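# Notes for the structure review
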Amino acid sequence: MKSTGSTDSTDSTDSTDSTDSAAGTGSAAGSGSTGTVALVTGANKGIGYEIARQLGELGMTVLLGARDPGRRDEATAKLRAEGLEVHPLTIDVTGEESVRVAAAWVEERFGRLDVLVNNAGISGGTRQTPGSVDLGVVRDVFETNLFGVIRVTDATLPLLRRSAAGRIVNVSSGTGSMTLMTDPGHYFTGSPSFAAYPPSKAALNMLTVQYAKQLRPLGILVNAIAPGPCDTDFARDLGRSLPRTAAQGAAVAVTLATLGADGPSGGFFDEDGPVPW
């Protein structure tokens, strides 16, 4: 899908700027923003980092959502060094209190949210073979990849409703496509079977459709993306070395984050266009 304007694990007190506080108590709280405000979860590295960078290059104010303070601050510093307006935000998508505090900080600091990119995700590693799967791994994967999306989306919906053009992008995966998984001609059919990650992304796709149905009357567009196989830590955790870059995988998320009012909602897209369910 060509740009008009992923998946990585999530990771505020900003040691370089006292106005960016995890609890939203910075001195600039309530100052608001006249530009587009975007929150990207899991943005400290990989595809999430590249989504944050590309949105920042479009002039958006980017809230870099992450849970690891060191990686969060390092990523923020790099993007600020490029001249981008980036604010660090502590958010653990698996924690009710963390998400609540993060949403409250965004409200106090900016008053609204225009773009939400639910990028945070985990692979679950290789201990998820059907027949011998570790159910703890399955629960952890769903907690982040599905329940975390619900948690963050619901917490920020009041802020997205205040936007003139709210956009939600859920970073899914081609492995969540049942059509591709059952296509004898697709390489997925020869790949290892996993009982956690692909099911979590298939569920995320259906969740995307349900939120799109609910929010379209409000003008909030909700779509899922398949960033495609990229050379990130996420892929390396699964023992894969890939030629595509995280920046290439991020591009489709940026396209959907910048859709016009007549854009699609409730769809599943990669860089070439719609992906079959």
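Quick caveat: nothing in here was measured; it's all calculated off a predicted structure.

Cut-offs and rules
Residues numbered from 1 in each chain as written. Predicted model: local features only at pLDDT ≥ 70, side-chain atom pairs only at ≥ 80, totals over all residues. Heavy atoms only, no water. Helix = DSSP H or I, 4+ residues; strand = E, 2+ residues; numbered from the N terminus. Buried < 20%, exposed > 50% of the residue type's maximum accessible area, 1.4 Å probe, protein only. Areas by Shrake-Rupley, 256 points an atom, 1.4 Å probe, with all protein chains shown as cover. Contact = heavy atoms within 4.5 Å. Core = buried A, V, L, I, M, F, W, Y, C linked by side-chain atoms within 4.5 Å. Pairing = 2+ DSSP bridges. Axes fitted to C-alpha atoms, helices over the stretch in contact; angles between N-to-C directions. Phe/Tyr/Trp six-rings, centres within 6.5 Å; stacked < 30°, edge-to-face > 60°. Parallel < 35°, antiparallel > 145°, perpendicular 65-115°, else oblique. Left-handed = near helix turned anticlockwise from the far one by under 90°. Nonpolar A, V, L, I, M, F, W, Y, C, P; charged D, E, K, R; others polar. pLDDT = per-residue confidence, 0-100.

### A short note on the overall build of the protein chain
Secondary structure assignment for the protein chain yields eight helices and eight strands. A buried classification covers 54% of the 277 residues belonging to the protein chain. Accessible surface, the protein chain as shown: approximately 11,300 Å² in total, 54% of it carbon and sulfur.

### Let's talk about the side chain of Arg53
Within the element layout of this structure, Arg53 appears in helix α1 (residues 46-57). Excluding residues within four positions of it along the chain, Arg53 makes contact with Leu79, Glu82, Leu84 and Ala247.

### A few points about the nonpolar core
One recurring pattern in soluble globular proteins is that nonpolar side chains are buried together. If you look at the biggest cluster of nonpolar residues, it comprises 33 residues, and the most contacted ones within it are Leu63 and Leu113. At the level of elements, β1 (37-40), α3 (96-110), α4 (135-160) and α6 (197-215) are the ones that each hand at least two residues to this core. In this structure, Leu113 is in contact with Val37, Ala38, Leu39, Leu63, Thr156, Leu159, Leu160 and Ser163, ignoring residues within four places of it in sequence. Among the nonpolar cores identified, the runner-up in size contains 31 residues, and Met60, Ala66, Ala75 and Ala257 belong to it.

### With respect to the environment of Leu157
Mapped onto the secondary structure, Leu157 falls in helix α4. The spacing of Leu157 and Ala103 is 54 residues in sequence and 9.4 Å in space, taken between C-alpha atoms. In this structure, Leu157 is in contact with Tyr211, Leu215 and Ile220, ignoring residues within four places of it in sequence.

### Description of the sheet that holds strand β4 (residues 115-118)
Within a sheet, neighbouring strands are paired by backbone hydrogen bonds and run either parallel or antiparallel to one another. In space, the eight strands of this open sheet follow the order β3-β2-β1-β4-β5-β6-β7-β8, with mixed pairing throughout. The open sheet has two free edges, formed respectively by β3 (86-90) and β8 (273-274), since each of these has just one partner strand. Judged from the two bridges that link them, strand β6 (residues 221-225) and strand β7 (residues 268-270) form a sheet pairing that is parallel. Pairing of Ala224 across the sheet is with Phe268, part of β7. α6 contacts β5 (167-171), β6 and β7 of the sheet and is inclined by roughly 165° relative to β6. With respect to the sheet, helix α8 (residues 246-257) is in contact with β4, β5, β6 and β7, its orientation differing from that of β6 by roughly 170°.

### Let's talk about the packing of aromatic side chains
Under the criterion given, the structure shown has three aromatic pairs. Judged by centre distance (5.8 Å) and plane angle (75°), the ring pair of Trp105 and Phe110 falls under edge-to-face. This pair shows no difference in class: Trp105 is buried, exactly as Phe110 is.

### What about the packing of α3 against α4?
Packing of α3 against α4 leaves a shortest axis separation of 9 Å and a crossing angle of 20°. Classified by the angle their axes make, α3 and α4 are roughly parallel. As for how α3 packs across α4, the hand of that crossing is right-handed. Only Arg151, Val152, Ala155, Thr156 and Leu159 of α4 make contact with α3, whose side of the interface consists of Glu96, Val99, Ala103, Val106 and Glu107. For the contact of α3 with α4, the class distribution of residues is six nonpolar, one polar and three charged.

### Examining the confidence of the model for the protein chain
In this model, the protein chain carries an average pLDDT of 88, and 83% of its residues clear a pLDDT of 70 or more. Residue range residues 2-19 is modelled with pLDDT below 50. Its contacts to residues more than four positions away, or to other chains, number 81 contacts. Scored below 50 in pLDDT, residues 21-31 shows 27 contacts in the model against residues more than four places distant or in partner chains.

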